[in-house]
There are 2 protein chains.
Amino acid sequence: MRLASLLGPELKQILKEDPDQVRALLEEIHPEDLADLIGELEPDEAAELLARMPAEDAAPIFERLEEDEQEEIAELMPPASVAQIASEMAPDDRADLFSVLPEAMGDAILRQLDRVDPEAADDVRQIEKWPSTSAGHLMTTAYVYVGPEVTVAAAIEAVRAHAENHKENVYNIYAIDPNDKLIGIASLRDLLLAKTYQPLADILRSNVISVKPDEDQEEVARKMAKYDLNVVPVVDENGLILGVITIDDIVDVLTLEQTEDVQRLGGIEPLDMPYFRTSFLSFIKKRGVWLFVLFFGEFFTQTALRHYDPVFEAIKGSAYYVPLLISAGGNSGSQSSTLIIRGMAVGEIKLSDWWRILVREAAMGLILGIGLAIVGFGRVLMYPEQHSDFAATVALTLIGIVMTGCTVGAMLPILLKRAGLDPATSSTPFIASLVDVLGIVIFVHIAKVVMSNVLAGAH
Amino acid sequence: MRLASLLGPELKQILKEDPDQVRALLEEIHPEDLADLIGELEPDEAAELLARMPAEDAAPIFERLEEDEQEEIAELMPPASVAQIASEMAPDDRADLFSVLPEAMGDAILRQLDRVDPEAADDVRQIEKWPSTSAGHLMTTAYVYVGPEVTVAAAIEAVRAHAENHKENVYNIYAIDPNDKLIGIASLRDLLLAKTYQPLADILRSNVISVKPDEDQEEVARKMAKYDLNVVPVVDENGLILGVITIDDIVDVLTLEQTEDVQRLGGIEPLDMPYFRTSFLSFIKKRGVWLFVLFFGEFFTQTALRHYDPVFEAIKGSAYYVPLLISAGGNSGSQSSTLIIRGMAVGEIKLSDWWRILVREAAMGLILGIGLAIVGFGRVLMYPEQHSDFAATVALTLIGIVMTGCTVGAMLPILLKRAGLDPATSSTPFIASLVDVLGIVIFVHIAKVVMSNVLAGAH
């Protein structure tokens, strides 16, 4: 940010006078920082600059722009220029660009790309056919492959030839048969350690960890993290290699998925963009929907309280304990749902564990509830007008409410996942609202039993 | 898991009969999966097996065990065996082991390591002196370095020599002067593309992105994600290279830090271990502390309601609206705090943005509050016994409460961060409790103004 504001005006000047200067700049400044700078220009200025640069210089900058910036800027450039830049982009970033663009624009640019670089256009179509959060959509088709019969020297030469055409670092070489079936894998380290005249087959590892193209990106992330992989091949059910996924994309996936989970937990529909780039209207929609749902849900607290009016009338001051009591349920429920949602997200907890969790959470609710009950009992007796039977009611209610909070909070995400929904939808505010109503019902029913003498005439 | 239960007994049998078999197994099964298997054995069985294996086979398995498993098993092995295994571990995993072990045991093993592999023992001391969540603690001292005056061929030979002694893949070579000062960097790709007789200096890149040893690991993760780095050098204030951090450790850091953030947001002290490995007692402590803090906080709702008793008495049925009204504040506050906490965690929001955020959240609270107010107004009038002045009170209260929720929820994480605390401490339940009390005060004061005729005689 600071770099951008310092260099912004100067950069604009340099680029206006001589767009070829970008090449010199690219040697000094990381393309990521140049993308930050370009992103701060007006879209029409950015479009003009990028269109004037040689495509191979523009590509590393363009592919690092934010998605919404890419869309805005691409709209202002001739489709042929965008196609030129796209042909120089990494295959996965290129496919991402096309999933960002409006369909008509994307089609127009893809037709241009067919002329400039038909292979690149095919790659886009290959990657685009997979769902947007699948391994297939995340993969790049730029990987080094050779036949298994070559020597180590030839394999190294293949890496060298690949590196001349691709900017990314290379870590592995894939041995495939004539039908693209993956036979084995060797790392650059393996190649360097082998004798150059050795057959590659000697050093190939065949127990390759791979992912399927329709596997969810979160599952891919988990696998790569578990096995400390920097690259993982995407292999279909027939053993054919379709592409590879690199760890830098996985880091982005992890951050993005995490942001979505956190926002859902906070009772917000996930935003598509950072806080300051999200429009006011979009915020109103994404927050409003849950705020209204929860508000309607909380109507039931008022309905329940009104329904039990005779009870609250008969026990003077009892209504004033309601927020205190129901919030204890909401808080313990939030804790449980958070633990289970996160446990499922990182793969520690499986659906089949539900029974163990239920027992554990019920026991935890009992202990925590007893703890709060002791404090609550004392609190009620601090007021001389309250009797010990009301204190007992409050204490027993706390135990019941905290147990309810823990079990409902823990089971709801599991049920949601079981139903194929995102468990994080059972957000903290959602659990709290649900438990609020249950809490009132528990309170009244315990009061009816414990204080039956006081309530003899009541509802 | 399934693999473990299938192979467990068989594996145990194999290993008992012939521990050398592990070498064959390691070629078939990923060490990660073997670690899963060993982790399911009884600690004494695991200790016996690992002690009987050649150290170089045991190391890749041992370094992949969970931290608590490492500790448990190391306790049951002779310090000399652990030192042998440690000498074969990757330097960063080795340092991690010593930060897991109780100090006395760690010292005993380190003394053994001094004999077996004094260089490795020095590395541990180098890494251990940095704080546990800093770049220095995360780095490995295994990286390839050469003088800047060598040829490309010599650099490739250095990579080869390094690869012979280290199991990790190599991505970059670091050119350093005789004082360890970092001069430049070349990737393996750069080396392969250059002519072997070229001086390395020709292809060195000098604009190296690096991190400082005392930089926080989250900052390191952000930098590596931003610049798509697989490895980043750790360089001190004098430009000396101390080690490198690889992306696989960063993926683990991201997952761990995110789990901690989510747990804090859910009102739980972060757990040190997965759900099922956390002891019941530890849960009670980590949940109980916040449950009690929040419970004491909610006492104020009861105190406030009791204090304003005359107002609630005068407006029949008004107390029954309290949970509905205050939950709207809690929900909107949770949304705002979640947005700001996550925005700060991913670096989108800075402390200096507070003013823009305050204005934005207040405006958002106003619009969302008006939306809920319209619904709330209609809801009150559905009851024939309520008058429009009470409906107006509810509507205005909703606007005030939602605006309070949004602004308090957004500002509190910023204030916490400003004070050097973790912003995620302003968890969803914490914001809800705070806004609950404020909500009651707002309700009563608006009622006093709008319904002054009804309340003429009241408090």
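Residues numbered from 1 in each chain as written. Chains lettered and ligands numbered in written order. Predicted model: local features only at pLDDT ≥ 70, side-chain atom pairs only at ≥ 80, totals over all residues.

## A few points about the overall build of chain A
Helices and strands together make up the secondary structure of chain A, namely 21 helices and 5 strands. Projecting the C-alpha coordinates of chain A onto the three principal axes gives extents of approximately 95 × 55 × 35 Å. Within chain A, the proportion of its 459 residues that are buried is 50%. Long-range contacts, defined here as pairs at least 24 residues apart, represent 71% of the contacts in chain A between residues at least 6 apart. (Helix = DSSP H or I, 4+ residues; strand = E, 2+ residues; numbered from the N terminus. Buried ≥ 20, exposed ≤ 12 C-beta atoms within 10 Å, placed from the backbone. Contact = placed C-beta atoms within 7 Å.)

## Examining the packing of helix 21 (residues 428–450) of chain A against helix 18 (residues 322–345) of chain B
Remark: helix 21 of chain A packs on helix 18 of chain B, axes separated minimally by 10 Å, with the N-to-C direction vectors making an angle of 165°. Taken together, the axes of helix 21 of chain A and helix 18 of chain B are roughly antiparallel relative to one another. For the crossing formed where helix 21 of chain A meets helix 18 of chain B, the hand is right-handed. Facing helix 21 of chain A, whose interface residues are T428, P429, S433 and D436 of chain A, helix 18 of chain B presents P323, S327, G330, N331 and S334 of chain B. Residues that form the contact of helix 21 of chain A with helix 18 of chain B fall into these classes: 2 nonpolar, 6 polar and 1 charged. (Axes fitted to C-alpha atoms, helices over the stretch in contact; angles between N-to-C directions. Parallel < 35°, antiparallel > 145°, perpendicular 65-115°, else oblique. Left-handed = near helix turned anticlockwise from the far one by under 90°. Nonpolar A, V, L, I, M, F, W, Y, C, P; charged D, E, K, R; others polar.)

## Side note on the environment of A314 of chain A
By secondary structure assignment, the location of A314 of chain A is in helix 17 (residues 309–314). C-alpha separation for the pair A314 of chain A and A456 of chain A, spaced 142 residues apart in sequence, amounts to 9.4 Å.

## As for the nonpolar core
If you look at the biggest cluster of nonpolar residues, it comprises 152 residues, and the most contacted ones within it are L50 and I245 of chain A together with L50 and I245 of chain B. Core analysis: the second largest hydrophobic core is formed by 128 residues, F390 and V437 of chain A together with L291 and I446 of chain B among them. (Core = buried A, V, L, I, M, F, W, Y, C linked by C-beta atoms within 7 Å.)

## Regarding the packing of helix 14 (residues 217–226) of chain B against helix 15 (residues 247–265) of chain B
Residues and elements named next belong to chain B. For the pair helix 14 and helix 15, interaxial distance at closest approach is 10 Å and the crossing angle is 120°. As far as their axial angle goes, helix 15 and helix 14 are oblique. You can see that helix 14 and helix 15 cross each other, and the crossing is left-handed. Facing Q217, E218, V220, A221 and M224 of helix 14, the residues of helix 15 in contact are I247, I250, V253, L254 and E257. The residue inventory of the contact of helix 14 with helix 15, partitioned by class, reads 7 nonpolar, 1 polar and 2 charged.

## A look at the sheet that holds strand 1 (residues 144–146) of chain A
Residue and element names in this part refer to chain A. What the 3 strands build is an open sheet, ordered 1-2-3; its pairing is mixed. Here the strands that pair on one side only, and so sit at the sheet edges, are strand 1 and strand 3 (182–187). Ignoring strand direction, the axes of neighbouring strands in this sheet form an average angle of 30°. Pairing of strand 1 with strand 2 (residues 172–176) involves 3 bridges; the strand directions are parallel. Paired with V146 across the bridge in strand 2 is A175. Here helix 12 (residues 152–165) sits on the sheet in contact with strand 1, strand 2 and strand 3, set at roughly 145° to strand 1. (Pairing = 2+ DSSP bridges.)

## Focus on the relation of the copies chain A and chain B
Each copy superposes on the other: chain A lies on chain B with an RMSD of 0.1 Å after a rotation of 180° and an axial shift of 0.0 Å. In short, the pair behaves as if placed about a two-fold rotation axis. Here 100% of the contact residues of chain A are again contact residues in chain B; the copies associate through an equivalent surface. (Least-squares fit on C-alpha atoms with pLDDT ≥ 70 in both.)

## Some remarks on the interface of chain A and chain B
Listed as interface residues are 87 residues of chain A and, on the opposing side, 87 residues of chain B. If you list the elements that add at least two residues to the side of chain A that touches chain B, you get helix 12, helix 13 (188–193), helix 14 (217–226), helix 15 (247–265), helix 16 (280–307), helix 18 (322–345), helix 19 (354–381) and helix 21 of chain A. Residue contributions to the side of chain A that touches chain B peak at 15 residues, all from helix 18 of chain A. Each residue belonging to the side of chain A that touches chain B can be placed in one class, and the counts come to 45 nonpolar, 26 polar and 16 charged.

## Here's the deal with helix 9 (residues 103–116) of chain A
Residue and element names in this part refer to chain A. For helix 9, which comprises 14 residues, the first-to-last C-alpha distance of 20 Å matches the rise-based estimate of 20 Å (1.5 Å per residue) to within 8%. Among the residues of helix 9, those classed as buried are G106, I109, Q112 and L113. Summarising the axial view, the buried residues of helix 9 lie within an arc of 125°, below the 170-degree limit, and thus occupy one face. Seen from the open side of helix 9, the exposed residues pointing more than 90 degrees away from its buried face are E103, A104, R111 and R115. If you follow the buried residues of helix 9, they end up packed against helix 7 (79–88), helix 8 (91–100) and helix 10 (118–128). (Expected span 1.5 Å × (residues − 1). Arc of directions from axis to C-beta.)

## As for helix 10 (residues 118–128) of chain B
Residues and elements named next belong to chain B. What helix 10 keeps buried is the set A120, A121, D123, V124 and I127. Seen from one end, helix 10 has its buried residues packed into an arc of 155°, which puts them on one side. Opposite its buried face, helix 10 presents the exposed residues P118, E119 and R125, each directed more than 90 degrees away. On its buried face, helix 10 is in contact with helix 7 (79–88), helix 8 (91–100), helix 9 (103–116) and helix 11 (135–138).

## Examining the pairing of strand 4 (residues 231–235) of chain A
Residue and element names in this part refer to chain A. For strand 4, the tally of buried residues reaches 5 of 5 residues, placing the bulk of the element in the interior. Alternating positions in strand 4 separate into two faces, V231, P233 and V235 on one and V232 and V234 on the other, with burial throughout. As defined by bridge partners, strand 4 adjoins strand 5 (residues 241–246) across 5 bridges and the pair is classed as antiparallel. From the neighbouring strand, V234 faces strand 5, where its bridge partner is G243. Connecting strand 4 to the next strand, strand 5, in antiparallel fashion are 5 residues, including G239 with a positive phi near 85°.

## Topic: the sheet that holds strand 1 (residues 144–146) of chain B
Residue and element names in this part refer to chain B. The 3 strands are arranged 1-2-3 in an open sheet whose pairing can be described as mixed. Only two strands of the sheet have a single neighbouring strand rather than two, namely strand 1 and strand 3 (182–187). When the angles between neighbouring strand axes are averaged without regard to direction, this sheet yields 30°.

## Some points on unusual backbone geometry
Excluding glycine, a negative phi dihedral is what most residues carry, and trans is how most peptide bonds are arranged. The phi dihedral of D228 of chain A is positive, around 50°, even though this residue is not glycine. Locating D228 of chain A in the fold gives a position in the loop between helix 14 and strand 4. We classify D228 of chain A as buried; it has 20 C-beta atoms within 10 Å. Positive phi outside glycine occurs at D180 of chain B, with the angle close to 75°. Here D180 of chain B shows up in the loop between strand 2 (172–176) and strand 3.

## Looking at the pairing of strand 3 of chain B
Residue and element names in this part refer to chain B. Relative to strand 3, strand 2 runs antiparallel, the two sharing 5 bridges. From the neighbouring strand, I176 faces strand 3, where its bridge partner is L182. Between strand 2 and strand 3, which pair antiparallel in sequence order, lie 5 residues; one of them, D180, sits at a positive phi of approximately 75°.

## Description of the confidence of the model for chain A
Detailed reading of the predicted coordinates is not advisable wherever pLDDT falls low. Residues with a pLDDT of 70 or more make up 94% of chain A, whose mean pLDDT is 87. If you check the scores for this complex, the pTM reads 0.80 and the ipTM reads 0.80. (pLDDT = per-residue confidence, 0-100.)

## Section: the environment of V231 of chain B
All names here are of chain B. Here V231 shows up in strand 4 (residues 231–235). The class of V231 is buried, set by 22 C-beta atoms lying within 10 Å. Taking the C-alpha atoms as reference points, V231 and T246, separated by 15 residues in sequence, lie 4.5 Å from one another. Residues contacting V231, with those up to four places away along its chain left out, are Y171, N172, V244, I245 and T246.

## Here we look at the environment of L421 of chain A
When you line up the elements, L421 of chain A lands in the loop between helix 20 (388–418) and helix 21. C-alpha separation for the pair L421 of chain A and P274 of chain A, spaced 147 residues apart in sequence, amounts to 25 Å.

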